[in-house]
Amino acid sequence: MSDTETLGAIRATKPRTGSADITRSYTALSRVVRESGLLNRTRWFYLALVSLLVLALGGAVTGFILLGDSWFQLLIAAALGLIFTQFAFLAHEASHRQVLESGPNNDRVGRILAAGVVGISYSWWMTKHTRHHANPNKIGKDPDIDFDTISFTETDAAKQRGLLALITRKQGYLFFPLLMLEGLNLHYRSIRTLFERGPVKGRWIELSLIAVRFTVYLGAIFWVLPLGMAFAFLGVQLAVFGVYMGASFAPNHKGMPIIPADAKLDFFSKQVLTSRNVSGGLWASALLGGLNYQVEHHLFPNMPRPHLARAREIVREHCRTLDVPYTETTLMKSYGIVIEYLNRVGLSARDPFDCPMVNQFRRV
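In this report, we go over the structure that sits alongside the text.

The rules behind these values
Residues numbered from 1 in each chain as written. Predicted model: local features only at pLDDT ≥ 70, side-chain atom pairs only at ≥ 80, totals over all residues. Heavy atoms only, no water. Patch = residues over 30% accessible without salt bridge, like charges linked within 9 Å, V, L, I, M, F, W, Y side chains within 5 Å. Areas by Shrake-Rupley, 256 points an atom, 1.4 Å probe, with all protein chains shown as cover. Salt bridge = Lys/Arg side-chain N within 4 Å of Asp/Glu carboxyl O. Helix = DSSP H or I, 4+ residues; strand = E, 2+ residues; numbered from the N terminus. Buried < 20%, exposed > 50% of the residue type's maximum accessible area, 1.4 Å probe, protein only. Phe/Tyr/Trp six-rings, centres within 6.5 Å; stacked < 30°, edge-to-face > 60°. Lys NZ or Arg CZ within 6 Å of the ring centre and 35° of its normal.

Taken together, the side chains of Leu 67, Phe 72 and Leu 75 make up a nonpolar region of the molecular surface, amounting to roughly 320 Å² of accessible area. Mapped onto the secondary structure, Leu 67 falls in helix α2 (residues 43-67). Residue class for Leu 67 comes out partly exposed when judged on its relative accessible area of 35%.

Here you go:
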């Protein structure tokens, strides 16, 4: 089945083999994956990855110091945007217990990387992302399809008025430009969550880490660079970070079927039908932090990144046997699908230039 054929809402129908059969088959699939050693930790890989990222960060800091008052600093800013995103991928993997055997140790690593290096709340991310994994693309359950400037459902699009309606009608074309603000949005939402009432695990640790991170980071930028250049540096870094983060996560589920709030699907079908893989193998895995194997990641969230490629072969064959659609496409084609889908949803928004009185006379 092609990507365009998978667009639209899922109806609450039973798979051909029956929900019970698919559930039993997923148990068998899990056994094969486990016995193949694909859930075993790969410390060597993550140790090498952390070393490489620390080396890259050190190189960027060295370049920043050596360049001093120079507009070439914007290249360092762009590099930092890429490096921070890679650290965010690693924090994401730690949150899924992909890095270490111990859950608490994964949380410690993830919290340090997310709050101390990237500057976003690990607890906020964990809460939001756990809800997403439990019900991907399900209305009312998946926070990733809730309205936030972008409308992912026709219902949300139809509610928009004024400037938001204008943006919504062209939201597919505006999606990537809007991502330049996503980095700032991630920092804002993280900090706002940490100051909200109610229990937040690790609140003071994360606030301390984020405070130290921004004090050192912003202090260095505004100490070394002239005021205008310092703001330009921050703008470039945040824009690259936002676009890279958004462009890495967008192909995963955007434009895939939306599950109605009252629909019930078995775990296997729910995860496979709403997820899209990105082809490209090793280079795509390095670029997207393993998110290119989205189907396998959703079926086995704690599987280390190096094992996802092998799991893909097993899962594809399993889907073929069950006649369950398995979606995979190129990165650029996935972006085209996302843009087309968002524009189609956006057409449900009311035209902000429509005059109700004129429309009334037209109907008469």
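Picking up after the structure, the text goes on.
For the structure on display, the rule yields twelve salt bridges. Between Glu 93 and Arg 305 there is a salt bridge whose closest N-O contact spans 2.5 Å. Residue Glu 93 is located in helix α3 (residues 73-95), and its partner Arg 305 is located in the loop between α14 (294-299) and α15 (308-322); the two are separated by 212 residues in the primary sequence. Given a relative accessible area of 6%, Arg 305 falls into the buried group. In this structure, the salt-bridge partner of Lys 159 is Asp 156, at a minimum N-O distance of 4.0 Å. Of the two residues, Lys 159 and Asp 156 both sit in helix α6 (residues 154-159), three residues apart, roughly one turn of that helix. A relative accessible area of 56% places Lys 159 in the exposed class.

Evaluated as defined, the whole model comprises 13 aromatic pairs. Between Tyr 26 and Phe 268, the aromatic rings sit 6.2 Å apart at their centres with planes inclined by 45°, giving tilted as the arrangement. Residue Tyr 26 is found in helix α1 (residues 19-35), and its partner Phe 268 is found in helix α12 (residues 267-273); the two are separated by 242 residues along the sequence. Its relative accessible area of 1% is what places Phe 268 among the buried residues. Arranged with centres 5.7 Å apart and planes meeting at 70°, the rings of Trp 125 and Phe 249 form a pair that is edge-to-face. Of this pair, Trp 125 sits in helix α5 (residues 122-134) while Phe 249 sits in helix α11 (residues 227-253), and the two are 124 residues apart along the sequence. In this pair, the class of Trp 125 matches that of Phe 249, namely buried. An aromatic cluster is present here, built from Tyr 26, Phe 267, Phe 268 and Phe 300 joined pairwise through their rings. Sitting over the ring of Phe 84, Arg 213 keeps its end group 4.7 Å from the ring centre. For Lys 254, the ring lying beneath its charged end belongs to Phe 152, and the centroid distance is 5.0 Å.

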